[in-house]
Amino acid sequence: MLYYTKLYIYVLWKGRDPMAIRFNEVTDEVVQALQAIVGEKYVKTDEEYRTKYQTDEEGNSYFFHKPEVVVFPKTTEEVAAIVCLANKKLIPITPRSAGTGVACGAIPIYHGIVLALERMNKIITLDAENMYAVCQTGVLTGVLQEEARKHGLLYAGDPSSSESCQLGGNVASNAGGNKAVKYGTTRHQIYSLKVVTPTGDIVTVGGRLAKCSTGLCLEQLIAGSEGILGVITEVTVRLKPLPPYNFNMVCVFEKDDDAFALPNKILKAGIDPTSIEYMDKEALQMTCKFLDMTMPHVQEGCSYVIVTVETFDEDELDRKMAVLCDLAENNGSIDEFEADKRIWKLRKQFAEAARNIDIMYQAEDFVVPLDKIHDITGQLPELRQKYDLYCVTVAHIGDGNIHVLPLNHRGLSPEAWHEKIQAFHRDLFPRVYALGGKMSGEHGIGYKKRDDFIRCTSKEEVQLIRAIKKAWDPNGIMNPGKIIPLEEA
């Protein structure tokens, strides 16, 4: 009887999912084995660390789960040894980069081991002549960008959190960002990956090649897999020549429909923009207040479209600027002005401004075809009213990626706010999918949108994901419960 009582308590302790019974606790013996691998200094079991790593950027305590131990490896070999140990002892592992994700992808929902990769932060090689870099997983994206610029090169991965996010996390979530219109998402910057598989093997996939039709494209499968297929320890990325000429233009709109019609016209005109960003009036007013900044037309209730163009020829830049001005004016822009650094500070600090108001803000990042932006955004006022939501919106409208941030303006409890967002999702996401869209353009599914993903995805596609997960991770220890439920893995 005592055994069954302890078993029942253990299942409750592990979380809401009874399938946690398949995992074992982190014992003193396991802690000592981890210390033997990485050193005593880099194995943390105290309450301070366990609390620090119970969440990523998620602010709603409904989702928080404390790990039993946090481990800080320094090398790929140490990561592999930890994974082998976890397999032997059947302990779940949650890989973690900088913890800047907003889909609960780095939250250890089955407790166990958090594998914090921040010590693996070296740029191993930066070859300016051949335009590539080899980086450990914990390199800050902004650091890689700055080092590339010193050589007249560009690392084109550019999430808004570039100053704080890490390269491995960018790859795991296939981060997008502001330059995706021209250069694509993180997966388009990858040559190859070094990965520790869920069974503890070290493998390098991909290669520094312009093209390859040899076997399966495993580096592209791992990119965006959110840690369920292994731990990324090294990334070889493409670097590009840094265009010497550029401009950032702000086009000001009174009507959002006019703003949303502009991207296709810009692309069809052959302007080849680096980015096309949108901020609605609420987002502008909120962020300006947060930054104590005054910007043109913000208090008039206008929205901004921010267009960046880069070229290698100054005359070409001037021509494109003139064409863009004409396109914007003919499409309803009431003003155009060349942006200074304040504009990008405004855009990149948007999420922090929202967090300053409501730590439990919900970061949506659904994506639709460009010609459907108007259709989905036109439905948002109805949804806001229906679910009593105050929302602010920014978007990468050059690639159809919409960030709507509902704020908990009524001060609901964590549980009540979660239930409201769930109801909102059950209404919103079918509308997105009906327009040919998906629920995430760059943040990923993680744990937070897992149930929505299962509801909106065909059973055949889910079965394929389950089969891949089972084949790669037979014990189900690697970031369990993310993307798909553990019991279905």
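The structure under discussion appears in the preceding block.
Residues numbered from 1 in each chain as written. Predicted model: local features only at pLDDT ≥ 70, side-chain atom pairs only at ≥ 80, totals over all residues. Heavy atoms only, no water.

Participant: Could you give me a rundown of empty space enclosed by the protein, with the residues and numbers involved?
Facilitator: Tallied over the entire structure, the rule returns four cavities of 30 Å³ or more. As a volume, the largest cavity reaches approximately 70 Å³. In terms of lining, the largest cavity is formed by Glu58, Asn60, Phe63, Met360, Gln362, Trp417, His418, Ile421, Gln422, His425 and Lys448. Its residues placed into classes, the lining of the largest cavity shows four nonpolar, five polar and two charged. (1 Å grid on protein atoms, 1.4 Å probe; cavity = no way out; pocket = protein on both sides within 12 Å on 5 of 7 lines; lining within 4 Å. Points joined across faces, edges and corners; volume = space filled by probe spheres on them. Nonpolar A, V, L, I, M, F, W, Y, C, P; charged D, E, K, R; others polar.)

Participant: Outline the layout of surface pockets, listing residues and values.
Facilitator: Empty space among the atoms can be located by rolling a probe the size of a water molecule over them. Of the volumes computed, that of the second largest pocket is approximately 640 Å³. Residue lining of the second largest pocket: 26 residues in total, with Gly224, Glu226, Ile445, Phe453 and Ile483 positioned closest to the centre.

Participant: How would you explain the side chain of Thr55 if you had to name every residue and give the values?
Facilitator: Of note, Thr55 is situated in the loop between helix H3 (47–52) and strand S2 (69–71). Taking the relative accessible area as the measure of exposure, Thr55 reaches 11% and is therefore buried. Those residues in contact with Thr55 that sit more than four places away from it in its chain are Phe64, Arg96 and Ile107. (Helix = DSSP H or I, 4+ residues; strand = E, 2+ residues; numbered from the N terminus. Buried < 20%, exposed > 50% of the residue type's maximum accessible area, 1.4 Å probe, protein only. Contact = heavy atoms within 4.5 Å.)

Participant: Now, about helix H12 (residues 341–348): what can you tell me, with residues and values included?
Facilitator: Every buried residue of H12 is listed here: Ile343, Trp344, Leu346 and Arg347. Summarising the axial view, the buried residues of H12 lie within an arc of 155°, below the 170-degree limit, and thus occupy one face. (Arc of directions from axis to C-beta.)

Participant: Quick rundown of the environment of Asp326? Include the residues and the values.
Facilitator: The topology assignment puts Asp326 in helix H11 (residues 314–330). As a C-alpha pair, Asp326 and Glu336 span 10 residues in sequence and 9.9 Å in three-dimensional space.

Participant: Explain the pattern of salt bridges to me, using residue names and the numbers behind them.
Facilitator: The full count for this structure, using the stated rule, is 23 salt bridges. The salt bridge partner of Asp365 is Lys449, with a shortest N-O separation of 2.9 Å. Note that Asp365 is positioned in the loop between helix H13 (350–357) and helix H14 (373–377) and Lys449 in the loop between helix H16 (414–434) and helix H17 (450–456), a separation of 84 residues in sequence. Accessibility classification places Asp365 together with Lys449 in one group, the buried group. A salt bridge links Asp388 to Arg410, with the nearest nitrogen and oxygen atoms 2.9 Å apart. Placement of Asp388 in the loop between helix H15 (380–386) and strand S16 (390–396) and of Arg410 in the loop between strand S17 (401–407) and H16 is noted, with a sequence separation of 22 residues between them. Using a relative accessible area of 31% as the deciding quantity, one classes Asp388 as partly exposed. Linked through salt bridges whose partners overlap, the residues forming this network are Glu382, Lys386, Asp427 and Arg431. (Salt bridge = Lys/Arg side-chain N within 4 Å of Asp/Glu carboxyl O.)

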